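# Coordinates in review
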Amino acid sequence: MTGKVAIVAGGSGALGQSIALRFLRDGATVAVPWFVPEEWAALESRAGNARPRLFGQKLDMADETAVTAFVADLLRRSKRVDVIVNAVGGFAGGDLASTPLAEWRRLVDLNLTSAVVGCRAVLPAMRAARRGRIVNVASRAVVPPL
């Protein structure tokens, strides 16, 4: 991954930090859109010697304008985006009858819209370069056992 540039959306969360740190260990430059300041601080601390190759910015991954600007800034800095890992996600328990529609919409934005927005933001650069990888992470944790 030396010389490659990866975006890890959700990269300050538990799984995302593992992904981001692995890319850093493998020599990549890693850009992390983050939302929780304490999580970002923990990732910065864990990056160690690779910290100069770690870039982050607080933003909402469901905000297409903000994500597009984040990717544009990264492209100005690094001239490329080789990988995006969409690992943003969350879950709030509840059944269909008791989950408020506002909560449903928040979860759809968090788990699905964020991935769509991330993909849309990197596609022009990846298409122009005729290369790139998109990895979307999902969880079966909410599926009850059979």
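All of the points below concern the structure found in this document. (Residues numbered from 1 in each chain as written. Predicted model: local features only at pLDDT ≥ 70, side-chain atom pairs only at ≥ 80, totals over all residues. Heavy atoms only, no water.)

### Quick notes on the packing of aromatic side chains
Under the counting rule described, the total for this entry stands at two aromatic pairs. Where Trp-34 meets Trp-40, the ring centres are 5.9 Å apart and the plane angle is 5°; that geometry is what we call stacked. The exposure class of Trp-34 is buried, given its relative accessible area of 13%. Residues Phe-55 and Phe-70 carry aromatic rings whose centres are separated by 5.4 Å and whose planes lie at 20° to one another, so their mutual orientation is stacked. With Phe-55 in strand β3 (residues 54–58) and Phe-70 in helix α3 (residues 64–78), this residue pair connects regions lying 15 residues apart in the sequence. Across the pair, exposure class does not vary: Phe-55 and Phe-70 are buried alike. For Lys-58, the ring lying beneath its charged end belongs to Phe-35, and the centroid distance is 5.4 Å. (Phe/Tyr/Trp six-rings, centres within 6.5 Å; stacked < 30°, edge-to-face > 60°. Buried < 20%, exposed > 50% of the residue type's maximum accessible area, 1.4 Å probe, protein only. Helix = DSSP H or I, 4+ residues; strand = E, 2+ residues; numbered from the N terminus. Lys NZ or Arg CZ within 6 Å of the ring centre and 35° of its normal.)

### Here's the deal with the pattern of salt bridges
Close approach of charged atoms allows side chains with opposite charge to pair. Overall, the coordinates contain eight salt bridges when judged by the stated rule. One salt bridge connects Arg-51 with Glu-44, and the closest N-O pair in it is separated by 2.5 Å. We note a salt bridge from Glu-64 to Arg-120, for which the minimum N-O separation is 2.7 Å. Placement of Glu-64 in helix α3 and of Arg-120 in helix α4 (residues 101–129) is noted, with a sequence separation of 56 residues between them. One salt-bridge network, held together by shared partners, links Asp-73, Arg-76 and Arg-77. (Salt bridge = Lys/Arg side-chain N within 4 Å of Asp/Glu carboxyl O.)

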